[in-house]
Amino acid sequence: MNPTIVRLALAALLGRKRFVLLLLFPAALLALTLVVRQVAPAPSDATDVLFGVGLSLVLPLLALVAATAVMGPEVDDGSLVYLLAKPVSRHAVAFSKYVVALAAVLVLSPVMLLLVGAAVDPDDLDRTLARAAGAALSAAAYTALFLALSTVWKHAVVAGLLFVLLWEGTLSSIFSGVSWLSVGQWGQRVAAAIDPDLYRADVSMTWSLAALALVTVGGVWFSGDRLRSFSLRGDD
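It should be emphasised that the depicted structure is a prediction, and the values quoted were computed from it without experimental measurement.

Trainee: For this particular structure, what's the right way to read the nonpolar core?
Mentor: Core analysis: the largest hydrophobic core is formed by 53 residues, its most contacted members being L13, L22, L59, V70, Y98, L113 and F146. Listed by contribution, the elements that provide at least two residues to this core are α1 (3-15), α2 (18-39), α3 (43-77), α5 (90-120), α6 (125-152), α8 (183-194) and α9 (205-233). In terms of residue count, α3 provides more of this core than any other element does, 16 residues in total. For F146, the contacting residues outside a window of four places in its chain are P60, A63, L64, A67, G160, F163 and V164.

Rendered as structure tokens:
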């Protein structure tokens, strides 16, 4: 990991309008949870909404915004060539940017979900911890996936939105036959292994862990490999 690249990625993340979206998503989810808590008869109803919307929608959207914010603009305007002209490993650049994006996603999603869930329903902390653990693993995979996507296509945000809304948010939830290719379903399967009372996705635990690891490591490695190609060709 390169400290200079980390600082540049952090400045890009904090200095762009996309950072506002990173704050709006969890803020909207928190407001929705509080409203449900006021009208619902049981605290578990509010935590179900919190994690239901948080895991299926807010988490992948946060990962998409964070990953494209630290990588996408430099790819789009071609300024990445000047950064890559420095004697630094392309995989170190990708990993450094990944760490910054993932840190933002973890704080604004799994950590936030854990704190809010524990505050709303302190009597069901085990379930909240299990869900947060699954969310953290999903966050790592989502961020790596969207980081790789931002090095491949200039319209990564559009492609990512389609993936989140159609595949993760709709198809994988309706059709059990495709759940084995869903990052969100893998995370839910891990959470169910920690707390058996949770919904268990129709995928094996072994496959879920292996797939999460493959997407996470493979996404970061692929991003570095694409950066190496980008530096040789200039514009992609």
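Moving on from the coordinates now.
Trainee: Please explain empty space enclosed by the protein as it appears in this structure.
Mentor: The probe, sized like a water molecule, is rolled over the atoms to show the empty space still left. Using the criterion set out here, one finds 2 cavities of 30 Å³ or more in the structure. Quantified by volume, the largest cavity comes out at close to 50 Å³. For the lining of the largest cavity, the elements supplying multiple residues, two or more each, are α3, α6 and α8. For the lining of the largest cavity, the leading source of residues is α6, giving 4 residues. Here the lining of the largest cavity is built from residues that sort into 4 nonpolar, 5 polar and no charged. The space that makes up the second largest cavity amounts to roughly 40 Å³.

Trainee: Sorry, what's going on with the pattern of salt bridges here?
Mentor: Close approach of charged atoms allows side chains with opposite charge to pair. Tallied over the full model, the rule gives 2 salt bridges. Between R131 and D48 there is a salt bridge; the shortest N-O distance is 2.9 Å. You can see R131 sitting in helix α6 and its partner D48 sitting in helix α3, a full 83 residues away along the chain. The partly exposed category is assigned to D48, whose relative accessible area is 35%.

Trainee: I'm lost on the packing of aromatic side chains in this one. Help?
Mentor: The description of an aromatic ring pair uses the distance of the two centres, along with the angle that the planes make with each other. The full count for this structure, using the stated rule, is 4 aromatic pairs. Taking 6.0 Å as the distance between ring centres and 80° as the angle between the ring planes, the aromatic pair formed by F146 and F163 counts as edge-to-face. Here the residue F146 occupies a position in helix α6, and F163 occupies one in helix α7 (residues 156-174), the gap between them amounting to 17 residues. Its relative accessible area of 23% is what places F163 among the partly exposed residues. Geometrically, the ring pair formed by W180 and W207 is tilted, given 5.6 Å between the ring centres and 55° between the ring planes. Remark: W207 occurs in helix α9 and W180 occurs in the loop between α7 and α8; sequence separation between them is 27 residues. We classify W180 as partly exposed; its relative accessible area is 41%.

Trainee: Sorry if this is basic, but what is going on with α8 here?
Mentor: Each α-helix winds once per 3.6 residues, and so residues spaced three or four apart point in a common direction. In this model, α8 (12 residues) spans 17 Å end to end at C-alpha, consistent with the 16 Å of a helix rising 1.5 Å per residue. Among the 12 residues that make up α8, 9 are buried, leaving the element largely enclosed by the rest of the structure. Among the residues of α8, V183, G184, Q185, W186, G187, R189, V190, A191 and A192 are the ones counted as buried.

Trainee: Looking at this structure, I do not really get the packing of α2 against α5. What am I missing?
Mentor: Two numbers describe a pair of packed helices, the interaxial angle and the distance between the axes. For the pair α2 and α5, interaxial distance at closest approach is 11 Å and the crossing angle is 20°. When the axis of α2 is compared with that of α5, the two are roughly parallel. Once α2 is placed against α5, the crossing between them reads as right-handed. Facing L22, L23, P26, L29, L30, T33 and R37 of α2, the residues of α5 in contact are L108, M112, L113, V116 and V120. For the contact of α2 with α5, the residue count by class is 10 nonpolar, 1 polar and 1 charged.

Criteria and cut-off values
- Residues numbered from 1 in each chain as written.
- Predicted model: local features only at pLDDT ≥ 70, side-chain atom pairs only at ≥ 80, totals over all residues.
- Heavy atoms only, no water.
- Core = buried A, V, L, I, M, F, W, Y, C linked by side-chain atoms within 4.5 Å.
- Buried < 20%, exposed > 50% of the residue type's maximum accessible area, 1.4 Å probe, protein only.
- Helix = DSSP H or I, 4+ residues; strand = E, 2+ residues; numbered from the N terminus.
- Contact = heavy atoms within 4.5 Å.
- 1 Å grid on protein atoms, 1.4 Å probe; cavity = no way out; pocket = protein on both sides within 12 Å on 5 of 7 lines; lining within 4 Å.
- Points joined across faces, edges and corners; volume = space filled by probe spheres on them.
- Nonpolar A, V, L, I, M, F, W, Y, C, P; charged D, E, K, R; others polar.
- Salt bridge = Lys/Arg side-chain N within 4 Å of Asp/Glu carboxyl O.
- Phe/Tyr/Trp six-rings, centres within 6.5 Å; stacked < 30°, edge-to-face > 60°.
- Expected span 1.5 Å × (residues − 1).
- Axes fitted to C-alpha atoms, helices over the stretch in contact; angles between N-to-C directions.
- Parallel < 35°, antiparallel > 145°, perpendicular 65-115°, else oblique.
- Left-handed = near helix turned anticlockwise from the far one by under 90°.

Function cannot be inferred from these measures alone, as they are strictly geometric.
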